[in-house]
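Descriptive analysis of the structure
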Amino acid sequence: MNSVPDVSADAPTAADPTAPRSLGSFTTLQLGGPPQRLVVAADVDGLVERVREAALLQSPTLILAGGSNVVIDDAGFPGTVVLVRSRGVRVVAEGAGTVTVRVEAGEPWDELVAATVEAGWPGLECLSGIPGSTGATPIQNVGAYGQEVAETITSVRVYDRVADEVRTMPAEECRFGYRGSVFKHNDRWVVLSVDFRLARSPLSTPIRYAELARTLGVEVGDRVPLAAARAAVLALRAGKGMVLNPADPDTRSVGSFFTNPVLDPAAYALFRERARDAGEPPCWPGPDGVVKVSAAWLIDRAGFPKGYSGPGGVAISTKHTLALTNRGGGSTRALLALAAEIRDGVRERFGVTLHPEPVLVNCAL
Ligand SMILES: Cc1cc2nc3c(=O)[nH]c(=O)nc-3n(C[C@H](O)[C@H](O)[C@H](O)COP(=O)(O)OP(=O)(O)OC[C@H]3O[C@@H](n4cnc5c(N)ncnc54)[C@H](O)[C@@H]3O)c2cc1C
């Protein structure tokens, strides 16, 4: 159940000005007020055209695909929402032991991952079960369980709204980093398709994530059959409410609400001083002395455990401290109030500021 939400029920097509009452049916949080205008882009040409039309109308534009990484204001979006529904996967190059696939932006991500596992093309297997579209994966350099898309993306085909042209950006131009890229918080580029270079092997890439290695009963660095890696990731994710399941309110989220803070050596030393009676925080050292600290640990130790609820129908997931969920009847306002309470509590306790991972649309934290 990780596909991009179907549009047939609620959405008018093309330039029908009769917009739906709410964007909630297009977001995994099931939150967000009405759009002023909503159009569907069914293929790559349509995607460029819909965005150009909106520019001619001088209408602010929101590109929306799976809606799994956006928090949209209760007042909705005062402009045109372009729903990305383009589909298609094809092999565009084959090398010695590699294959390059070009994937249209609206292709549901997990269907692509399943297909690459089935085909024997390692590189995406640890990203199993992540909701949303393929075109959104470069935006925040989607990652999980020791893999991120920056490792396999070779180029991204974009529509540049400023230059009004379609062009190909090589991976180097995308400036991929931890949960970020040149595309995040910048609506200049519309992703039309993404090229991934994958290996050919029945085995996964080396397992890097200790929890995944333990689950598979192997050492970090070992390879396992591709299908086994996918199955283990899906099982781990499901246990944390990180695979969409309409029957499980713990999955009514955007996944992780906050990124793991990356502290420079001075900030890290200060943090350790303040955290000295709180136990050993999970940390990942990075280049130049920076240290990434577990946001889930910070939140929990600052007094916000799993299941912690705020007023207004929102709560921390009962399965994962990092997921803020709509329990039903929630609102964006209530969700952001809970997020602010958590952010402020963590800052007060540890002197560390958490930053939201999803894109906040027409609202702020
Ligand atoms: C249960 C759950 C688990 C998750 N787990 C993970 C995880 O493990 N790792 C991870 O990295 N993320 C995770 N996420 C977040 C999310 O699934 C990913 O970020 C995903 O790539 C978002 O895709 P989407 O199509 O839903 O994007 P949307 O939510 O529709 O859009 C997100 C942003 O990308 C922009 N955008 C979307 N498509 C395009 C396009 N074609 N061109 C230009 N801009 C575009 C939008 O304007 C918006 O700013 C999780 C979310 C949920 C709900």
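Described below are features of the structure shown in this document.

What counts and what doesn't
Per chain, residue numbering runs from 1 following the sequence as it is written. Reporting in this predicted model follows two pLDDT cut-offs: at least 70 for local features of residues, and 80 or more for side-chain atom pairs to be given and counted; totals over whole chains, interfaces and linings ignore these cut-offs and use all residues. In computing side-chain values, all of the structure's heavy atoms are included and hydrogens and water are not. For the exposure calls, accessible area comes from a 1.4 Å probe over protein chains only, and a residue counts as buried if that area is under 20% of its type's maximum, exposed if over 50%, partly exposed in between. Secondary structure is summarised from DSSP: a helix means a run of H or I of at least four residues, a strand means a run of E of at least two, and numbering begins at the N terminus for each. This arc is built from the directions going out from the helix axis to the C-beta atoms. In this analysis, two residues are considered to be in contact whenever any of their non-hydrogen atoms come within 4.5 Å of each other. To pair, rings of Phe, Tyr and Trp, with the six-membered ring standing in for Trp, must have centres within 6.5 Å; the planes then decide the type, stacked if under 30 degrees apart, edge-to-face if over 60, and tilted in the middle. For a ring to carry a charge above it, either NZ of a lysine or CZ of an arginine must fall within 6 Å of the ring centroid while also lying within 35 degrees of the normal to the ring plane. Salt bridges are identified by distance alone: a Lys or Arg side-chain nitrogen within 4 Å of an Asp or Glu carboxyl oxygen. Pairing between two strands is assigned when DSSP locates at least 2 bridges connecting them. Comment: axis = line fitted to C-alpha atoms, over the contacting stretch for helices; angle = value between 0 and 180 degrees taken between N-to-C directions. A single heavy atom is enough: if one lies within 4 Å of a molecule or strand, its residue is considered near that molecule or strand. Two N or O atoms count as a polar contact when they lie within 3.5 Å, although within protein this holds only if one can serve as hydrogen donor and the other as acceptor, and sequence-adjacent residues are included solely when both atoms are side-chain atoms. Residue exposure ignores everything except the shown protein chains as possible cover, and the areas themselves are Shrake-Rupley values with a 1.4 Å probe. Classes in brief: Ala, Val, Leu, Ile, Met, Phe, Trp, Tyr, Cys and Pro nonpolar; Asp, Glu, Lys and Arg charged; the others, Gly included, polar.

Taken as a whole, helix 2 (residues 109-119) has its buried residues at W109, D110, L112, V113, T116 and V117. The buried residues of helix 2 occupy an angular sector of 155 degrees when the element is viewed end-on, so they sit on one face. On the buried face of helix 2, the contacting elements are strand 5 (89-95), strand 6 (98-104), strand 11 (189-199) and helix 4 (226-239). G120 sits one or two positions beyond helix 2 and adopts a positive phi of about 80 degrees.

Describing an aromatic ring pair means giving the distance of the ring centres and the angle of the ring planes. Taken as a whole, this structure holds nine aromatic pairs when the rule is applied. Judged by centre distance (6.2 Å) and plane angle (90 degrees), the rings of F271 and W297 are edge-to-face. A residue pair is termed long-range when its members are at least 10 positions apart, and F271 in helix 5 (residues 265-274) and W297 in helix 6 (residues 295-301) qualify at 26 residues. According to the relative accessible area criterion, W297 is buried, its value standing at 8%. Ring centres 5.8 Å apart and planes at 70 degrees place the aromatic pair F271 and F350 in the edge-to-face group. Residue F271 is found in helix 5, and its partner F350 is found in helix 7 (residues 332-350); the two are separated by 79 residues along the sequence. Judged by its relative accessible area of 1%, F271 is buried. Residue class for F350 comes out buried when judged on its relative accessible area of 1%. The ring of Y178 has K292 sitting right over it, with the charged end atom 3.9 Å from the ring centre.

Taken as a whole and judged by the stated rule, the model has 24 salt bridges. Between E53 and R37 there is a salt bridge, with its nearest N and O atoms 3.9 Å apart. Residue E53 is located in helix 1 (residues 44-56), and its partner R37 is located in strand 1 (residues 35-41); the two are separated by 16 residues in the primary sequence. Here E148 makes a salt bridge to R179, at a shortest N to O gap of 3.9 Å. You can see E148 sitting in strand 8 (residues 147-148) and its partner R179 sitting in the loop between strand 10 (165-170) and strand 11, a full 31 residues away along the chain. Residue class for E148 comes out partly exposed when judged on its relative accessible area of 26%.

Once that is clear, we can look at the sheet that holds strand 2 (residues 61-64). If you trace the three strands from one edge of the open sheet to the other, you get 1-4-2, paired in parallel fashion. Each having just a single partner strand, strand 1 and strand 2 make up the two edges of the open sheet. Sheet twist, expressed as the mean angle between neighbouring strand axes with direction ignored, is 25 degrees. In this structure, strand 2 lies alongside strand 4 (residues 77-84), joined through four bridges in parallel fashion. For I63, the partnering residue across the bridge sits in strand 4 and is V82. On top of the sheet, helix 1 reaches strand 1, strand 2 and strand 4; it is set at about 155 degrees to strand 1, its chief contact.

The next subject is the site of the ligand. As a structural note, the neighbourhood of the ligand is formed by 32 residues, with I63, S68, S133, V191 and R237 the closest of them. Between the ligand and A65, the relevant distance is 2.8 Å, taken from an oxygen atom to a main-chain nitrogen or oxygen of the residue. Between G66 and the ligand, the recorded distance is 2.8 Å, taken from a backbone N or O atom to an oxygen atom. Out of a free accessible area of 980 Å², the ligand has 94% covered by protein chains. Breaking the shell around the ligand down by element, the ones donating at least two residues are strand 2, strand 7 (143-144) and strand 11. Among the elements that make up the shell around the ligand, the one with the highest residue count is strand 11 (three residues). Partitioning the shell around the ligand into residue classes produces 18 nonpolar, eleven polar and three charged.

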